Amino acid sequence: MPSVGIVIVTYNSEAEIGPCLDAALATDAEVVVIDNASSDGTLEQVRRRGATLIANPVNRGFAAAVNQGIRSIGADFILLLNPDAVLKTSFETMRTLCEAPETGAVGGKLVDLNNAVQAGFTVRNLPTPTALALEVLLINRLWPTNPANWHYRCYGFNLDKPARVEQPAGAFMMFRREVWESLGGLDEAFHPIWFEDVDFCKRLHDRGYCVYYEPRAVASHLGGHSIRKILLEKREFYWYGSLLKYGSKHFSTGTARCLCLAVIVGSLLRMILRMVVQRSFKPIAVYGQVIKVAGQCLLFGPSKLGVPSYS
């Protein structure tokens, strides 16, 4: 049978990586952990279990670490697994689907600690400009069942049945090495985090590959473990920056600039709300950086973000 390699990227994942590795190492897969300069006991936990470890002295970002991990192993099939995800079943059904030449990637079912499926995250459609604009403008918070958000987060999707989908969660996703190579790997411009898996799925669809959801492959997933350890000001800057990169790369120039405008307006709204709630001027610094980058993109185009524009 073709070999499978499990690639796990860690960042201050001491509390989560143990169960993840125990389950991964119990398979017949080659397991590699790429650590992005953790400052806690993550490395000790990995070494204790004997997994292959690549310890980066600096945070190279998720996409770069994934590419680094894939290049370090020889497996024909790659399973991306978050350090807070624990395999509950075999991944053979995912591999079987991945063997078809037309298959670009396969995602499995993610459940929480109560075995409830993580709806709205396990499977999504690729984000449209409208869906992203409604998100940054806080409309999805006020009206979560609006048609654009409902479609984007696949709230009407049956998560118990296999199906062709647009965007399975990158926390538990498999693809062939040759597919990864044909796309040039994950785009490391999405640094350090967010939208790199969305971009990967978008490029798969643009190349004509099929992407599937396979609910017979299951992993439990805590969710957001590394994100919570990032300072709020950095977290917001990273997320908005990656969103703008995605829009600039995959939408027309005019549409991308409209998204920039939505980010500016939405950031102003969030800044005012947080100033009132926190009774602090700190949100000015947090969202001021976001507004500055979005303004540069609006005025001077996507070249300011270091990604190619849509053509």
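What you see is a predicted model; the values in this text were computed from it and never measured.

Engineer: Any details on the packing of aromatic side chains? Residues and values, ideally.
Structural biologist: Two measures describe an aromatic ring pair: the distance that separates the ring centres and the angle between the ring planes. Within the structure shown, the criterion is met by 7 aromatic pairs. Ring geometry for F175 against F200: centres 5.0 Å apart, planes inclined by 50 degrees, an arrangement best described as tilted. In this pair, F175 sits in strand β10 (residues 172-176) while F200 sits in helix α9 (residues 196-206), placing the two residues 25 residues apart along the sequence. We classify F175 as buried; its relative accessible area is 0%.

Engineer: Before we move on, can you summarise the pairing of β10 with the specific residues and values?
Structural biologist: Judged by how many residues are buried, β10 sits mostly within the fold: 5 of 5 residues are covered. Every second residue of β10 is oriented toward a common face, with F172, M174 and R176 on one face and M173 and F175 on the other, all of them buried. Examined bridge by bridge, strand β6 (residues 103-111) and β10 share 2 bridges and lie antiparallel to one another. By the bridge assignment, G107 is partnered in β10 with M173.

Engineer: Outline the pairing of β6, listing residues and values.
Structural biologist: Within β6, 9 of the 9 residues are buried, leaving the element largely enclosed by the surrounding structure. Bridge count between β6 and strand β11 (residues 210-221): 8 bridges; the pairing is parallel. The residue bridging T103 from the neighbouring strand is C210, located in β11.

Engineer: Summarise a nonpolar patch on the surface; cite the residues concerned and give the values.
Structural biologist: On the surface, a cluster of nonpolar side chains totalling about 230 Å² of accessible area is made up of L261, V265 and L269. When you line up the elements, V265 lands in helix α11 (residues 253-278). Relative accessible area serves as the criterion here: at 36%, V265 is assigned to the partly exposed category.

Engineer: How would you explain the pattern of salt bridges if you had to name every residue and give the values?
Structural biologist: In this structure the tally under the stated criterion is 11 salt bridges. The partner of K249 in a salt bridge is D187, and the shortest N-O contact between them spans 2.6 Å. In this pair, K249 is assigned in helix α10 (residues 232-250) and D187 in the loop between α8 (177-182) and α9, connecting sequence segments 62 residues apart. The partner of K202 in a salt bridge is D206, and the shortest N-O contact between them spans 2.9 Å. Residue K202 and its partner D206 are both found in helix α9; the two are separated by 4 residues, about one turn of the helix. With a relative accessible area of 52%, D206 lands in the exposed category. Counted as one network, the salt bridges with shared partners bring together D187, D199, R203 and K249.

What counts, and at which threshold
- Here the residue numbering is sequential within each chain, running from 1 through the sequence in written order.
- Local features are withheld for residues below a pLDDT of 70 in this predicted model, meaning they are given only at 70 or higher, and side-chain atom pairs are given and counted only at 80 or more; totals for whole chains, interfaces and linings count all residues.
- Hydrogens and water molecules were not included; the side-chain quantities draw on all heavy atoms of the structure.
- Only the six-membered ring of Trp is used, alongside the rings of Phe and Tyr, when aromatic pairs are assigned; centres must lie within 6.5 Å, and planes under 30 degrees apart are stacked while those over 60 apart are edge-to-face, with the rest tilted.
- Helix and strand definitions follow DSSP, with helices as H or I runs of at least four residues and strands as E runs of at least two, each counted in order from the N terminus.
- Note on exposure labels: buried denotes an accessible area under 20% of the residue type's maximum, exposed denotes more than 50%, and partly exposed covers the range between, all computed with a 1.4 Å probe on protein chains only.
- Strands pair, by our definition, only if DSSP identifies at least two bridges between them.
- Think of a patch as exposed residues, more than 30% relative accessible area, with no salt bridge, where like charges cluster within 9 Å and nonpolar side chains (Val, Leu, Ile, Met, Phe, Trp, Tyr) cluster within 5 Å.
- All accessible-area figures derive from a Shrake-Rupley calculation using a 1.4 Å probe, and residue coverage is judged against the displayed protein chains alone.
- Salt bridges are counted wherever a side-chain nitrogen of Lys or Arg sits within 4 Å of a carboxyl oxygen of Asp or Glu.

Spatial relationships are all this shows, so hold off on functional conclusions.
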